[in-house]
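Observations on chain architecture
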Amino acid sequence: MTAGHAAIGSCGACGAVLAPGAPRCDRCEAPAVGSRPVTTALLASLAPASSSDRTLAAALDVGLVVLAAVPVVLGAAGVWPPAVAVPFGLVLVAGVAVLLVRTFRQTGGTPGALLTRTRYVDALVGTPPGPGRWPGAGVASVRLAQRRPTPPAPVATSTLLATPTPAPASPAPPQQVQQAQQPQHVPVAVLTDGAERIEVASTALLGRRPRPQPNEEVGAVVQLTDPTRSVSSTHALLSWDGATLWLVDRGSTNGSWVVRADGTRQRAEAGRPIAAPAGGGVQLGNRTFRVEAP
């Protein structure tokens, strides 16, 4: 990559940093069309894991490989029949190695990372490392991270200003009065930590890769970005009836909660709607949204 150029993202094939206007990746020669853009708002919600967590995660992964190699050692020492133990151990070691590489690249969560509640993510885009990525030498572009708790949104204050009293308006025609009295279907804005904003006008299905059920009609399908993969593929349904926002968990793995303004939390049972009042929040896995009234 040309020195002095600002990064625009990471290569979609190998994860290398790309320079502005670069037609191909300097590392793997892949076209830059598949690159993933920098998402600073998403990375702002991630906190680097401590050195002890990184060391423990790596030690657990290495220990898993060593444990898989025990049959090879026992077979070579004659404790177990070598003709059976050595081939079995080699196959086991290869299987564990493939598992570590696949989980590291596809989800960022190796067994060691899962046990220490951490994840490997791309340092530029916050997503799992992807193909062609390795820890160690590539640690500058891949970091082990945990999600920061979402800070409470500041409470807006209003100032009352004296204004002159307007003159009485002339009575509106009956047809106009009737239209004004009809309830308006106003969207509710659900704000995250700055990475995403969701407006629900009727219903919205949320998840990493949400899919409606057969014959189910939803107003919007919203795909959430979550490097820690705490959000399920189809996590929850939000429903706005014009006065109340309802949360329905869709059998998610890590659960859905309504967080009220006083800090109390209520977990949503799968398939049973609960109200999410304005001024509080909705938590899906590790993602936290603030509910704002129209």
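Above: the structure in question.
Residues numbered from 1 in each chain as written. Predicted model: local features only at pLDDT ≥ 70, side-chain atom pairs only at ≥ 80, totals over all residues. Heavy atoms only, no water.

A few points about the overall build of the protein chain
For the record, the criterion: Numbering of helices and strands runs from the N terminus, with a helix taken as a DSSP run of H or I at least four residues long and a strand as a DSSP run of E at least two residues long. Remark: exposure states derive from per-residue accessible area (1.4 Å probe, protein chains only) relative to the maximum for the residue type, with buried under 20%, exposed over 50%, and partly exposed in between. In what follows, residue pairs with any heavy atoms lying within 4.5 Å of each other are defined as contacts. Calculation of accessible area relied on Shrake-Rupley with a 1.4 Å probe; when residues are assessed, cover is drawn exclusively from the protein chains displayed.
Per the secondary structure count, the protein chain includes six helices and 17 strands. When each of the 294 residues of the protein chain is scored for burial, the buried share is 35%. Look at the contacts in the protein chain between residues 6 or more apart in sequence, and 52% of them connect residues 24 or more apart. For the protein chain, the accessible area works out to roughly 16,900 Å², and carbon and sulfur atoms hold 61% of it.

Description of the pattern of salt bridges
Threshold: One speaks of a salt bridge when a side-chain nitrogen belonging to Lys or Arg is within 4 Å of a carboxyl oxygen belonging to Asp or Glu.
Following the criterion strictly, the structure yields three salt bridges and no others. Here Glu199 and Arg197 are joined by a salt bridge, their closest N and O atoms 3.2 Å apart. Classification of Arg197 by relative accessible area gives exposed; the value is 52%. Across the pair Glu216 and Arg250 runs a salt bridge, and its minimum N-O distance is 3.0 Å. Of this pair, Glu216 sits in the loop between β9 (203-207) and β10 (220-223) while Arg250 is found in the loop between β12 (245-249) and β13 (256-259), placing the two residues 34 residues apart along the sequence.

Things to note about the nonpolar core
In globular proteins that are soluble, nonpolar side chains generally tend to be buried together. The test is simple: Among the buried residues, those of types Ala, Val, Leu, Ile, Met, Phe, Trp, Tyr and Cys that are joined through side-chain atoms within 4.5 Å form a nonpolar core.
Ranked by size, the top nonpolar core spans 20 residues in total, and within it Ile198, Leu206, Leu224, Leu247, Val282, Leu284 and Phe289 carry the most contacts. Those elements that provide at least two residues to this core are β8 (197-200), β9, β11 (236-240), β12, β16 (281-284) and β17 (287-292). The greatest single-element share of this core, amounting to three residues, is contributed by β11. Not counting residues up to four positions away in its chain, the partners in contact with Leu206 are Ile198, Val222, Leu224, Thr234, His235, Ala236, Leu238, Leu284 and Phe289.

Things to note about helix α4 (residues 82-106)
What counts is decided by this rule: Multiply 1.5 Å by the residue count of a helix minus one, and that product is the helix's expected span.
Between its terminal C-alpha atoms α4 stretches 35 Å, which fits the 36 Å expected from 25 residues at 1.5 Å a residue. For α4, every residue scored as buried is listed here: Ala85, Gly89, Val96, Leu100, Thr103 and Phe104. Just downstream of α4 lies Gly108, where phi reads positive at about 75°.

Observations regarding the sheet that holds strand β15 (residues 274-275)
Our working rule: Note on pairing: two strands pair once DSSP finds at least 2 bridges between them.
Overall, mixed pairing links the five strands, which are arranged β10-β9-β11-β12-β15 in an open sheet. Strands at the two margins of the open sheet, each flanked by one partner only, are β10 and β15. As paired elements, β11 and β12 share five bridges and run antiparallel to each other. In the sheet register, Leu238 faces β12, and the bridge partner there is Leu247.

Here we look at the environment of Val93
Position of Val93 relative to the elements: it lies in helix α4. You can call Val93 partly exposed: its relative accessible area is 22%. Residues Val93 and Leu64 lie 29 residues apart in sequence; the distance between their C-alpha atoms is 8.9 Å.

Some details on the environment of Leu92
Position of Leu92 relative to the elements: it lies in helix α4. On the basis of relative accessible area, Leu92 is assigned to the partly exposed category, the value being 34%. C-alpha of Leu92 to C-alpha of Ala68: the two residues are 24 residues apart in sequence and 5.7 Å apart in space.

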